[in-house]
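Inside the fold
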Amino acid sequence: MGNQHKISQDDFYSIMKNLFDCDAFQNIIRNSNKIKSYVDEISELIDNQNYLLKQRNNENGNIPHQIHQIELDNIIRNQSKYYPWLKEQQRKLDMLVSFRVPYYVGPMITKEDQQKSSNADFAWMVRKEAGQITPWNFNQKVNRMASANRFIKRMTVKDTYLLSEDVLPDNSLIYQEFKVLNELNFIKINGKRLADDVNLKHKIYNDLFKKNKTVSVKKLQNYFLSKLGYPNKPTITGLSNPKKFNNGLIAYNDYHKIFGEQIDNPDLQDDFERIIEWSTVFEDRNIFEQKLLDIKWLTKDQRKQLINKRYNGWGRLSKKLLTGLRNKQGERIIDVLWNERANFMQAISDPSIKEQIDKINGQQVHEMGMESILDDAYTSPQNKKAIRQVMKVVEDIQRAMGGQAPTSISIEFTRNPEDNSEIKKSRASEINKKYVRLSKQIDKGLMDEFKSAKKKYKGLTDRLYLYFTQRGKDIYTGHNLNIDQLQDYDIDHIIPQSFMKDNSLSNRVLTSSSINHEKGDATPLDGLSNSSKCNIYTMIPKWQSMERQGLISKRKLKNLQLRVDKINKYVKNGFVHRQLVETSQVIKLVANILKSHYQSDDTKIIEIKAKMNSEMRDTFDLYKSREENDYHHALDAYLTTFNGCYLYRRYPKLRNYFVYSDFKKFASIDNVKNLNNFTFLHDITNPRDKNENKIYNNDGDLILKRLDAIKYIKSIYNYKFMLITHEVSTRKGQLFNQSVYPAGNVHSKIKIKKDRPVNIYGGHSGNTDAYMMLVKINDPKGTKYKVVGLSLRYLDKVNRLKKNDSVEYKKMIHQIAGDSLSKKDRKNGYQVVLDKLMYRQLIIDGDEKYTLGSSTYKYNARQLVFNNETNRTMALLNPDRKVSQRYHSDLNELSDKEISQRFVDAYQDILNKVNKYLPLYDKSNFRNGLNKGLNLFRDLPNYYINKQNGKFDLLINILNGIHANPTYISVKEIGIKTPLGQMQYSSGINLSPNAYIIYQSPTGLFERKLQVKKL
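A brief structural summary. Fair warning: this is a prediction, and the values are worked out from it, not measured in the lab.

This next bit is on the pairing of strand S26 (residues 996-1000). In the sheet, strand S19 (residues 842-845) pairs with S26 via three bridges, with the strands oriented antiparallel. Residue pairing in the sheet places isoleucine 844 in a bridge with tyrosine 996 of S26. Bridge count between S26 and strand S27 (residues 1007-1011): five bridges; the pairing is antiparallel. In the sheet register, isoleucine 998 faces S27, and the bridge partner there is lysine 1009. Hairpin connection from S26 to S27: six residues lie between these consecutive antiparallel strands, with glycine 1004 at a positive phi of about 85°.

Shown next, in the form of structure tokens:
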């Protein structure tokens, strides 16, 4: 280790491993079994990251508050002899340590006060009376029950179909009845649908499900033998799990033991539903017990049993949807499932039900507005932002069309991961990289199995992927698994589905059926803590080692180590933290909002799969280059609309597959597979002779003049100018870098406190501006205009003054602006002519077109268009890009020299466009550097080799560096030292008097120009 005073754990372990592997040490080991045993022990500790651990680390940072409480009490007892008041105040002092704000109370401010003070909306506390809240007067000041009720409403997810309705708990009596009936209506007995015999379905429901929490296939078969007189065991099909029903009447069976026949009393059903909801929401036993007091007919013993019976999870449908809507026959959806053979999707597709949903949603959107709907929507902030932008774009287009509502809106759907075979191939590549990196730690036999699997299969299935990430071992026992019998093992959800709906690989593992059965509906550390088949705790360091080696994710490790109390906490907070993972639900929300918004106009919402657009691009040489410009978004949008209108007219009988009503559930995997087997666009992309020019539907109506349509699409592809806009924004968050630098340090710029100068006390760095301002400077040589930032530190005060005191507001922004100017500029005189310039604000100043990245950064905003040969080169010669097979033959015909020349031609084309259209890139001498770099470019290899970028890689970097976006990237290979695209002006951005500030609508169809000199 030489003279190093410090060394990282990884470096230390690496040195030890190398020492053990060297020839001299191996000779010692061969001659001493004792030393070999020591080395083996140390090697295993190193593999598990447990050798010579530091005693001081953050894992020892959690000290129970009770220890602090004991220390405090000892201090008070000893010191109260000298300070008697300590004894008098002991209760309050103790509460300062022990008190915790209940999670269902939330931030210690009322919703109304928060909106007044900061216009925020994340509080729900309800007060009993005004005044300061302390641990010892908490119950006097805060209304726990009212806060808890608000918490319920705030945390509850909304119905997938009825946008403003709260979903039922997953263990609701109604919801479990729905799930069981829906599953029963799918199954077949000896090939015949059970639902065809309604009486038999009712018998099974009453005799099996109402008497057993879970119903297995074996139990159902025995029921047919013993109760219905079948001579042989019937064959049961139609279940997703061939061994048992996935759903059961769990709460009904639990409550039947507590309440007996009362559970079937229709007058008590609402009370039972309230109890289950409270049990699901409140982890706090005390608040749950208090809530139960609201139900007067409960006995003391019943309350006691209910407190010990807790539930988790939420459904996706509301009570109103299942029991509040009736079809023309007067049946509710739950009645249809009980009385008929229909499943849920068939029941909800009833025209009369759809009409009611349409009316309810339309009324809600009209009354509540989109913002209220989105506030309650079960989706992430990013998705909500995207949905808002969708609506702005649609409304902007409608405005441009004179207010006329669209006849249809087509939505492009991202390809479902299950449809993409490339994912399975990439899994093999991922495992290969990990095994190569861990070659010394991977058993040779396992490596041979992996190589064999790669050759044998096109890609890794879930079971194979889990097998190799688990290094061929059972995740819970560490025992070897047999790769030839993978189908005999179970894929288990680490955190059970009853706790968290997570079907990702980060929550799935491969294990034996017996261990999985023993684990049951629990986490590994709970379900297997007393197992006779394994010691689950000895697996923890092995899991940790697997995570450090990159074989499992941090999230999977966290899931493996969770216990029930933490799972409950996760579920409790899950309403806030969980993210929407199903794209189908996001798109459904968009479709619902759009359909409701245009319900009186009969606007059709049409689904277009992204692969259809790709098919059109491949067929007609419409190369997609994300690096070139942003026009590919516009072409995709046009292709989406074109394909949507074509499908709508060409296949009227299949519209239920691709036309959205508000209530079309996203297609099941089986349906998607069926759709994939039918090429909707074949008449366009691969027509028969009779369809070479004209395409007709099955009724003989002319649908499309094919050749004219193709010609028009290609003309759009070749457009040199399209409207591109960027959303402008302000900044929020951290005010500055939290590190404190000493006085005199170059980073010490921001005072620690108002009365502490940085030249004496030091300060912070990394100022963050909320937005910018434009300042006019009265320079004797001519008027100047400068962009300056308004720091987040001043934002609250500035907003208050702007609202309440315009004179003081102007004084303050004048002072803030002056702090960013030089002494000379302040002396010359200045004034703020525009008090708010947002990030990504578009500026046109002479030949320069850019957006503001900050008060010191410009981002190029000019979209470049290169010739078709350049696009073709970048598409066909990209080694990683998937292009159609007929292009590969074209590629294979080129020699290395010809490929090199095509890259040089592409560089020259890019250079010509930069020289002609991007004077902005004279900054840092970029343009000159690109011109000088051509000769260096010629000498590069065609592709990346020996850790050196090739021509193709450099072309991609150059395109990213001149793209109209904030990206800047290294192109040192051609002699340019500053990252290409990094246009930083350390003294600030100056505008000419003739510059224009461009305010654009969301689509850019409408804009307003402000000339700087007229401000």
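More follows now that the structure is in view.
Attention shifts here to the packing of helix H32 (residues 631-650) against helix H36 (residues 706-717). Two elements in contact, H32 and H36, have axes separated by 10 Å at closest approach and are oriented at 160°. For the element pair H32 / H36, the angle class is roughly antiparallel. Note on packing geometry: the crossing formed by H32 with H36 is right-handed. In contact with Leu635, Tyr638, Leu639 and Phe642 of H32, H36 contributes Ala709, Tyr712, Ile713, Ile716 and Tyr717. Grouping the amino acids of the contact of H32 with H36 by side-chain chemistry returns nine nonpolar, no polar and no charged.

This part covers the sheet that holds strand S17 (residues 784-791). Taken in spatial order, the four strands line up as S18-S16-S17-S25 in an open sheet, and their pairing is antiparallel. Lying at the two open borders of the sheet, with one neighbouring strand each, are strand S18 (830-837) and strand S25 (989-991). Pairs of neighbouring strands in the sheet enclose a mean axial angle of 35°, with direction left out of account. Of the strand pairs in this sheet, strand S16 (residues 769-777) and S17 are connected by eight bridges, and their pairing is antiparallel. Looking across to S17, one finds that lysine 776 is bridged to tyrosine 785. Taken strand by strand, helix H39 (residues 806-819) contacts S16, S17 and S18, and its axis lies near 100° from that of S18.

Attention shifts here to the sheet that holds S26. Sheet strands line up and pair through hydrogen bonds in the backbone, either parallel or antiparallel. Pairing is antiparallel in the open sheet, where six strands are placed in the order S24-S21-S20-S19-S26-S27. What marks the edges here is a single partner per strand, and that holds for strand S24 (983-984) and S27. When strand S21 (residues 857-860) meets S24, the two strands line up antiparallel, connected through two bridges. Bridged to tyrosine 857 within S24 is glutamine 984.

The phi dihedral of arginine 840 is positive, around 70°, even though this residue is not glycine. In this fold, arginine 840 is placed in the loop between S18 and S19. Even without being glycine, asparagine 925 reaches a positive phi, approximately 60°. Counting through the fold element by element, asparagine 925 comes out in the loop between helix H43 (896-917) and helix H44 (926-932). Note on asparagine 925: relative accessible area 46%, which makes it partly exposed.

Inspection of every chain in the model, using the stated rule, returns 32 salt bridges. Residue lysine 179 pairs with aspartate 170 through a salt bridge whose shortest N-O separation is 2.9 Å. Comparing lysine 179 with aspartate 170 shows no difference in burial state: the two are buried. A salt bridge links aspartate 492 to lysine 519; its shortest N-O distance comes to 3.1 Å. In this pair, aspartate 492 sits in strand S7 (residues 490-493) while lysine 519 sits in helix H25 (residues 513-519), placing the two residues 27 residues apart along the sequence. Look at lysine 519 and you get buried, because its relative accessible area is 2%.

Criteria and thresholds
- Residues numbered from 1 in each chain as written.
- Predicted model: local features only at pLDDT ≥ 70, side-chain atom pairs only at ≥ 80, totals over all residues.
- Heavy atoms only, no water.
- Pairing = 2+ DSSP bridges.
- Helix = DSSP H or I, 4+ residues; strand = E, 2+ residues; numbered from the N terminus.
- Axes fitted to C-alpha atoms, helices over the stretch in contact; angles between N-to-C directions.
- Parallel < 35°, antiparallel > 145°, perpendicular 65-115°, else oblique.
- Left-handed = near helix turned anticlockwise from the far one by under 90°.
- Contact = heavy atoms within 4.5 Å.
- Nonpolar A, V, L, I, M, F, W, Y, C, P; charged D, E, K, R; others polar.
- Buried < 20%, exposed > 50% of the residue type's maximum accessible area, 1.4 Å probe, protein only.
- Salt bridge = Lys/Arg side-chain N within 4 Å of Asp/Glu carboxyl O.

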